[in-house]
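# Secondary and tertiary structure notes
This is what each chain is made of:
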Amino acid sequence: MSLLNSRRFSLGSRGLALCGAVLLATACASTSPTADTRAAAAAPVKVKVFVAAMFEIGQNTGDRAGEFQHWYERYWKGATPVAVPGALQPVYCNADGVCGAVLGMGKVNSSSSMQAILLNPKFDFSQAYYVISGVAGTPPQRGTIGEVSWATWLVDYDLGHRWAPEENKPGEPTFMPRKGYEEYRRFKLNPDLVGWAMKLSADTPLKDAESARKYRLRYPDAAARRAPFVGTGTHMTGDTFFHGPGMSKQAQYIARLYGADDYVITEMEAAAITLVIKRTHGTDRVMSLRGAVNFDQGNPKESTLQHLDPAPGETAGGFAETVENIALVGTRVVDHIVKNWPTWSAGVPKP
């Protein structure tokens, strides 16, 4: 064999040996468990209760509390955040199966986060209960600053036709339902679950603020002057921060038009989040919990624009107390469900 051929043979043999070594190493690597494959093989978190908040002001703990902080400090302090593609913020879970996240404000923002979380394989929502939690407004004829309300109905404020009042017959509504939206413009929440929520939380001692007590006296309505309480009623979901007695009457009109209970809360997310849950797991285990931090209209001595854009020192106050009240009320129900999971896992028991 020539020297050239000998070198070719030698190089070819080395190349084959090298390829074989690479293939063997690859085969060995493919059969060795990696962190990713172990994570993929791990069982999903069995969610018993999921708490959905819409925003947090700063950090999840240690500063001024928004809608999430009191829940976080109760259930997830020190928990590892679980990033979910498509969701605004990570999900937190504890060892008892209580999970929660900040979904974002508004119908599209919050519902897209909820859908991403529901469809993520890291979680098993097949038996989960939901608490949609946040701050809201209330009509002074029905509620007060600091109150906490469990929804009996969720109604979408936006799905319909509207026109300017000056283009209407005086005194008649400027709203007409849009046909074709019947299946997702209103949701009657499970009456047994609402009954349990009230049974477990109606007597919760609620916080109040001196600023809120003074602010209530601007309104002549008996409901507006009440101390904070736990109640029920229809929650109106709309992307519009509507203000003024006219808009408030329209919301009440829509609630009655749809056969729902009295409108008591105006918020921006619950009906949309509930629609997403309904399409995946149904609505029998959905709760909407809101605390009122403002009235949906001014007092008789101020215009709607003055109420919408108040002067310094003219706001209602009581925000810090209200977000704490929401968690004080809601955790009673969450804790009861988790403590009695063998009973609740099969469905809502009769109250």
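Preceding block: the structure.
Our subject in this report is the structure included herewith. Here the structure is a predicted model, which is why all the values come from computation and not from measurement.

### Considering the pattern of salt bridges
As enumerated under the stated definition, the model contains 14 salt bridges in all. Across the pair K350 and D192 runs a salt bridge whose closest N-O atoms are separated by 2.9 Å. Here K350 is found in the segment after α11 (341–344), whereas its partner D192 is found in helix α5 (residues 191–201), with 158 residues between them in sequence. On the basis of relative accessible area, K350 is assigned to the exposed category, the value being 65%. The class of D192 is partly exposed, set by a relative accessible area of 21%. Two residues, R218 and E314, come together in a salt bridge whose shortest N-O distance is 2.9 Å. With a gap of 96 residues between them, R218 in the loop between α6 (210–216) and β11 (230–237) and E314 in the loop between α9 (304–308) and α10 (319–339) connect regions that are remote in the sequence. Judged by relative accessible area, R218 falls into the partly exposed class, the value being 30%. Assessed through its relative accessible area of 34%, E314 is described here as partly exposed. Here the salt bridges share partners, and the residues they tie into one network are D208, E210, R213 and R216.

### Digging into the state of the cysteines
For the structure on display, the rule yields one disulfide. Between the sulfur of C93 and that of C99 lies a disulfide, 2.1 Å long from S to S. Taking the torsion about the S-S bond as the criterion, the C93 to C99 disulfide, at about 110°, is right-handed. Its relative accessible area of 1% is what places C99 among the buried residues.

Calculation notes
Residues numbered from 1 in each chain as written. Predicted model: local features only at pLDDT ≥ 70, side-chain atom pairs only at ≥ 80, totals over all residues. Heavy atoms only, no water. Salt bridge = Lys/Arg side-chain N within 4 Å of Asp/Glu carboxyl O. Helix = DSSP H or I, 4+ residues; strand = E, 2+ residues; numbered from the N terminus. Buried < 20%, exposed > 50% of the residue type's maximum accessible area, 1.4 Å probe, protein only. Disulfide = S-S within 2.5 Å.

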